[in-house]
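# Reading the structure
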Amino acid sequence: MMAPSFPSYAAEASLVMRPIPKSSDGEKLPVIGLGTAQDFGARREVEEKTQVLKSLLEGGGKIVDTAANYARGSSEELIGELLEENNLRSKAFIATKFGERGRENGIESMERSFVSLRTDMIDLMFVHNMIDVDTHLPSLRDYKDQGRIRYFGVTSTGRNQDELTRWMDQLDFVEFAYAVDSREAEQRLLPMAADKGVAVLVALPLGRGRLLSAMRGKEVPEWAKEELNCHSYAQLLLKFVASHPNVTAAIPGTNNPKHMVENLDAGRGPMADAKQRERIAALWG
Ligand SMILES: NC(=O)c1ccc[n+]([C@@H]2O[C@H](COP(=O)([O-])OP(=O)(O)OC[C@H]3O[C@@H](n4cnc5c(N)ncnc54)[C@H](OP(=O)(O)O)[C@@H]3O)[C@@H](O)[C@H]2O)c1
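Residues numbered from 1 in each chain as written. Predicted model: local features only at pLDDT ≥ 70, side-chain atom pairs only at ≥ 80, totals over all residues.

### Observations regarding unusual backbone geometry
So the rule is basically this: Working definition: helices are DSSP H or I runs of at least four residues, strands are E runs of at least two. Numbering for both runs from the N terminus.
Cis geometry marks the peptide bond from Gly 269 to Pro 270, where omega comes out at -5°. By the secondary structure assignment, Pro 270 is in the loop between α9 (257-265) and α10 (274-283). The phi dihedral of Asp 39 falls on the positive side, at around 70°, and the residue is not glycine. Assignment of secondary structure puts Asp 39 in the loop between β3 (34-35) and α1 (46-58).

In structure tokens form, the structure reads like this:
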């Protein structure tokens, strides 16, 4: 397959990195990763998906966010296969999730994830959508003590995502939705995560694509190109999220290698200051 032709506007610049507050050795993550909720596991266009992973990991990105139930388990399987076949496991920071009731079901799901992802260490294990969190926290601590996972957390992207605050004291990471048109997380979740030293992955930074549809046919303003090196609305949306000082990384979903390159470039400098972030949001006002 041909390499993506989308011009890499700032490929020479490094991706902005953010610290994982609970890391014992100062580990940092690049501010843009990859989400795989939308059909990544389907066994078609596998060449493109291989190229998405290569573009991410060879372009300085790291985070691959998946879940046991994405594409009925086949997202984890395809990621495991492609990382192994292309010798890329060591470059990736794998985040996955399980959404089960009961201790045993949670453990079984985690064990299946190791097999599907073809790895003996998962970087980040989430309880998906806050399902039975209190039951699973002791298992997650055990897995972390054994070195089988390196970090753990809880995700939620629903209306009740503020409930994540209940566990914030006990977590390494949280994952929730945040975008120009859904900024509720600025009130409680983002400040509390910073206060408690919890890393933040942002899901749905493009509003599942609806925010891009709203801008179809419109030119990106000149100031965004000149001041922020943003040449597409996707880059503006990602820069808005990634520039929030309490966000560790945004994980836009894509199955398109050109989009992956474009998205990564939004994680290179300059980042937007508070005023520029408001100016970006106002474009969708
Ligand atoms: N509860 C949870 O834990 C939870 C819930 C939802 C999501 N998540 C995570 O968050 C990730 C992100 O959410 P999402 O994937 O649902 O939505 P999203 O990232 O907001 O949007 C993805 C959509 O944007 C399109 N897109 C991506 N980059 C683009 C670009 N540069 N130009 C034009 N279109 C572009 C994608 O299509 P193409 O494939 O054509 O690029 C896809 O349709 C998920 O993949 C998942 O990993 C977690």
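There's more to say after this.
### Points about the nonpolar core
Note the following rule: As used here, a nonpolar core is made of buried Ala, Val, Leu, Ile, Met, Phe, Trp, Tyr and Cys residues. They are joined through C-beta atoms within 7 Å. Here exposure depends only on C-beta density: within 10 Å of a residue's C-beta, 20 or more other C-beta atoms make it buried, 12 or fewer make it exposed, and intermediate numbers make it partly exposed, the C-beta atoms being placed from the backbone. In this description, any two residues whose backbone-derived C-beta atoms lie within 7 Å of each other are considered to be in contact.
Ranked by internal contacts, the top residues of the largest apolar core, which has 82 residues, are Leu 237, Val 241 and Ala 250. Per element, the largest residue contribution to this core is 8 residues, and it comes from helix α8 (residues 233-242). Non-local contacts of Ala 250, meaning those with residues more than four positions away in its chain, are made with Val 31, Ile 32, Val 202, Pro 205, Leu 238, Val 241 and Ala 242.

### Section: the packing of α8 against α9
Inclusion rule: As a rule, the C-alpha atoms of each element are fitted with a line to give its axis, helices using only the stretch in contact, and angles between N-to-C directions run from 0 to 180 degrees. We call two directions roughly parallel when the angle between them is under 35 degrees, roughly antiparallel when it is over 145, roughly perpendicular when it lies between 65 and 115, and oblique otherwise. Two helices crossing with the near one rotated counterclockwise from the far one by less than a right angle form a left-handed crossing, whereas a clockwise rotation gives a right-handed crossing.
The N-to-C vectors of α8 and α9 enclose an angle of 45°; their axes lie 8 Å apart at closest approach. Between α8 and α9, the interaxial angle falls into the category oblique. Seen along the crossing, α8 lies across α9 with a hand that is right-handed. Touching Ala 234, Gln 235 and Leu 238 of α8 are His 259, Glu 262, Asn 263 and Asp 265, all from α9.

### Structural notes on the confidence of the model for the protein chain
Note the following rule: As a per-residue measure, pLDDT reflects the predictor's confidence and takes values from 0 up to 100.
Confidence in the prediction for the protein chain averages 95 pLDDT; 96% of positions are at 70 or higher. The low-confidence segment residues 1-10 (pLDDT under 50) makes 19 contacts with residues lying over four places distant or belonging to another chain.

### Considering the packing of α1 against helix α2 (residues 74-85)
To keep it simple, the criterion reads: Note that Gly is not counted as nonpolar here; it falls among the polar residues with everything else outside the nonpolar set of Ala, Val, Leu, Ile, Met, Phe, Trp, Tyr, Cys and Pro and the charged set of Asp, Glu, Lys and Arg.
Packing of α1 against α2 leaves a shortest axis separation of 10 Å and a crossing angle of 65°. Taken together, the axes of α1 and α2 lie roughly perpendicular to each other. Crossing of α1 against α2: the hand is right-handed. Residue-level contacts link Lys 49, Thr 50 and Leu 53 of α1 to Leu 78, Leu 82 and Leu 83 of α2. Broken down by class, the residue content of the contact of α1 with α2 amounts to 4 nonpolar, 1 polar and 1 charged.

### What to know about the site of the ligand
For the record, the criterion: Residues are classed as near a molecule or strand if the C-beta position derived from their backbone is within 6 Å of it.
Near the ligand, the surroundings consist of 30 residues, among which Gly 35, Thr 155, Ala 203, Ala 234 and Gly 253 are the closest. Elements with a minimum of two residues in the shell around the ligand: β7 (149-156) and α9. Ranked by residues supplied to the shell around the ligand, first place goes to α9 with 3 residues. Here the residues of the shell around the ligand are counted per class, giving 9 nonpolar, 16 polar and 5 charged.

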